[in-house]
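Chains, contacts and geometry: an overview
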Amino acid sequence: MDHKPIPVEGYKAQSDETIALVNSNKREEELALRNIDALDQREDIDRRWLSIGRTHLEQAYMAINRSIF
């Protein structure tokens, strides 16, 4: 089944398979981000590097999901 695209130029219909892949990635990303949140509560963490890591992780999942869609 194809899902209707949002009415924005450049968007296309997506299959159940591609939506399932991206949803799986979003669940994995959320787990990783919660781990980063837990690290942020520690006193012995370099928050600058943690922030850089978080940004790179978010960018990675965004790029992966964009490759699917």
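In this report, the structure presented in the accompanying data block is examined. In this text the structure is predicted, and so the values were computed from the model without any measurement.

Rules behind the numbers
Residues numbered from 1 in each chain as written. Predicted model: local features only at pLDDT ≥ 70, side-chain atom pairs only at ≥ 80, totals over all residues. Heavy atoms only, no water. Helix = DSSP H or I, 4+ residues; strand = E, 2+ residues; numbered from the N terminus. Expected span 1.5 Å × (residues − 1). Buried < 20%, exposed > 50% of the residue type's maximum accessible area, 1.4 Å probe, protein only. Arc of directions from axis to C-beta. Polar contact = N/O pair within 3.5 Å; in protein donor to acceptor, adjacent residues only side chain to side chain. Salt bridge = Lys/Arg side-chain N within 4 Å of Asp/Glu carboxyl O.

**Focus on helix α2 (residues 47–68)**
Between its first and last C-alpha atoms α2 spans 32 Å; for 22 residues at 1.5 Å apiece the expected length is 32 Å, and the two agree. For α2, every residue scored as buried is listed here: Leu50, Tyr61 and Asn65. Axial view of α2: buried residues confined to an arc of 40 degrees, hence all on one face. Residues Arg48, Trp49, Met62, Arg66 and Ser67 are exposed on α2 and point more than 90 degrees away from its buried face. Backbone nitrogen of Arg48 and a side-chain oxygen of the N-cap are separated by 3.0 Å at the start of α2; the cap is Asp46.

**Brief notes about the pattern of salt bridges**
In total, this model carries 7 salt bridges according to the counting rule given. Between Asp37 and Arg54 there is a salt bridge, with the nearest N and O atoms lying 3.1 Å from each other. With Asp37 in helix α1 (residues 16–40) and Arg54 in helix α2, the pair connects residues that are 17 residues apart, well separated along the chain. Judged by relative accessible area, which is 21%, Arg54 ranks as partly exposed. Among the salt bridges present, the one from Asp44 reaches Arg42, with a minimum N-O distance of 2.7 Å. Judged by its relative accessible area of 54%, Asp44 is exposed. Bridged by salt links that share partners, the residues Glu30, Arg34, Asp37, Arg54 and Glu58 form one connected network.

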